[in-house]
Amino acid sequence: MKYKFLLFAAISCTLYACSGNQKPVDLTANEDAKSTTNKSELGTITEKGLSTSIRLPGQLKPFNEVNLFPRVNGFVKKMYVDRGSIVRKGQLLVTLEAPEMQSQLQAANSRYLQAQETAVASQEKYQRLKQAAQEPGSVSPLDLDNALAKTKADAAIAGSERSNVASVRTMIGYLNIYAPFDGMIIQRNVSPGALVAPGKATDQPMLILQDIRRLRLEVNIPEDYVDKVNLSRPVQFTFNAMPGQQHTAKISRSANALGTMRQEAIEVDVMNISGKLKPGMYAEVQIPMLSGAKSLLVPNSAIVRSTEREYVVAVRSGKAALVDVKEGLTSHDSTEVFGNLKANEQIMLHASDDIKEGDAVK
């Protein structure tokens, strides 16, 4: 029994000594090392040829559109069209009435007739004086010159009154409103008896006329692609309201200038003989790109996005350089970028906003 007690005591002392010499293991070291490795994982910027086309949204617009306002004040006497009416160029759309214009025309005619009679009388008087002047001393040269001057003045007044009559007739002609081109009435805002007047672009028009036989498919090209669009090749497009029906046409015109959204508008003329297409319809348009155009691609995880900017962290001379970029085409693993970058340049694959400009990168 004594020997068993001694053996147990010896074993206990040995275990105590071993446990006292053992140091605790720092488990966070591996995690920190792993985290540092992830942050410093590097990749390279690749340069590849662009896709042969780019898909952009487009919208149909009428080839011609006009807001019809009256040219003179008047009351709507009769409407010959309504919303949805198909009209031809020169067709009468609205008749206005303005009784005071008839009075103006009568007054203008009266003044013209009076001026004409005065001009004729002056001309006859001058002719008589001219004949009498053939007898020496019967008519003074001054009287003859005065008669000639009065004849010319009265003729000028008669011409002025004649022009005034024509002007009033033209104003009366404005009471009839005609279609300036073939198209469809898409909006009617007045009824017979309404008082109408010439308006500004911000006022409500009487009628809105659109030419829908041919439509404009407008597509806005982002600034980064304006110099890469192939204007000579046809585009393909599909309307959202008509899935599965693909159309092909050529680019008809381009703005050759950037708008407020830093985009260039191009237009594709689309024939609408069947009338199924409507202005305002949206389409997906496949725009052909110039062959041989190159783009810089980075992995999707390399782009750092914040509310203020988008950038990648390039590694230059062992230090972090934050380079602002614009995004282009995106695939499942890479994104096209535009910025102060070069092909084969090293970048951080898993960058974050914790990295600052000039930080050392291992």
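In the block above lies the structure referred to throughout.
Residues numbered from 1 in each chain as written. Predicted model: local features only at pLDDT ≥ 70, side-chain atom pairs only at ≥ 80, totals over all residues. Heavy atoms only, no water.

**Some details on the layout of surface pockets**
Logical step 1: When its volume is computed, the largest pocket comes out at roughly 190 Å³.
Logical step 2: Lining the largest pocket, in full, are L68, F69, P70, R71, G173, Y174, N176, I177 and Y178.
Logical step 3: A per-class count over the lining of the largest pocket returns 6 nonpolar, 2 polar and 1 charged. (1 Å grid on protein atoms, 1.4 Å probe; cavity = no way out; pocket = protein on both sides within 12 Å on 5 of 7 lines; lining within 4 Å. Points joined across faces, edges and corners; volume = space filled by probe spheres on them. Nonpolar A, V, L, I, M, F, W, Y, C, P; charged D, E, K, R; others polar.)

**Looking at the environment of G193**
Logical step 1: Counting through the fold element by element, G193 comes out in the loop between strand 8 (183-188) and strand 9 (195-196).
Logical step 2: With 116 residues separating them in the primary sequence, G193 and K77 have C-alpha atoms 6.2 Å apart.
Logical step 3: In this structure, G193 is in contact with F75 and V76, ignoring residues within four places of it in sequence. (Helix = DSSP H or I, 4+ residues; strand = E, 2+ residues; numbered from the N terminus. Contact = heavy atoms within 4.5 Å.)

**Considerations on the packing of aromatic side chains**
Logical step 1: Following the criterion strictly, the structure yields 1 aromatic pair and no others.
Logical step 2: Where F237 meets F239, the ring centres are 5.6 Å apart and the plane angle is 75°; that geometry is what we call edge-to-face.
Logical step 3: Take F237: its relative accessible area is 2%, and that puts it in the buried class.
Logical step 4: Look at F239 and you get buried, because its relative accessible area is 1%.
Logical step 5: Above the ring of F63, the side-chain terminus of R214 is found at 3.8 Å from the ring centroid.
Logical step 6: Just above the ring of F63 sits the side chain of R216; from NZ or CZ to the centre is 4.2 Å. (Phe/Tyr/Trp six-rings, centres within 6.5 Å; stacked < 30°, edge-to-face > 60°. Buried < 20%, exposed > 50% of the residue type's maximum accessible area, 1.4 Å probe, protein only. Lys NZ or Arg CZ within 6 Å of the ring centre and 35° of its normal.)

**As for helix 4 (residues 141-173)**
Logical step 1: The end-to-end C-alpha distance of helix 4, which contains 33 residues, comes to 48 Å, matching closely the 48 Å that a straight helix rising 1.5 Å per residue would cover.
Logical step 2: Within helix 4, the full set of buried residues consists of L144, A147, T151, D154, A158, G159, E161, V165, V168 and I172.
Logical step 3: In this fold, the buried residues of helix 4 make contact with helix 3 (99-132) and strand 7 (176-178). (Expected span 1.5 Å × (residues − 1).)

**Here we look at the pairing of strand 20 (residues 334-339)**
Two faces make up the sheet, and in a regular strand the side chains alternate between them.
Logical step 1: Among the 6 residues of strand 20, 5 are classified as buried, and the element is accordingly described as predominantly covered.
Logical step 2: Pairing of strand 19 (residues 319-330) with strand 20, which is carried by 4 bridges, proceeds in the antiparallel orientation. Looking across to strand 20, one finds that E327 is bridged to V337. (Pairing = 2+ DSSP bridges.)

**What to know about the nonpolar core**
Logical step 1: With 27 residues, the main nonpolar core has V76, V87, L93, V94, L96, L175 and L207 as its most contacted residues.
Logical step 2: Of all the secondary-structure elements, those providing two or more residues to this core are strand 4 (74-79), strand 6 (92-97), helix 3, helix 4 and strand 10 (207-222).
Logical step 3: With 4 residues, helix 3 is the largest single contributor of residues to this core.
Logical step 4: What L207 contacts, discounting residues up to four positions off in sequence, is V66, N67, L68, M79, V81, L93, V94, I185, Q187 and R188. (Core = buried A, V, L, I, M, F, W, Y, C linked by side-chain atoms within 4.5 Å.)

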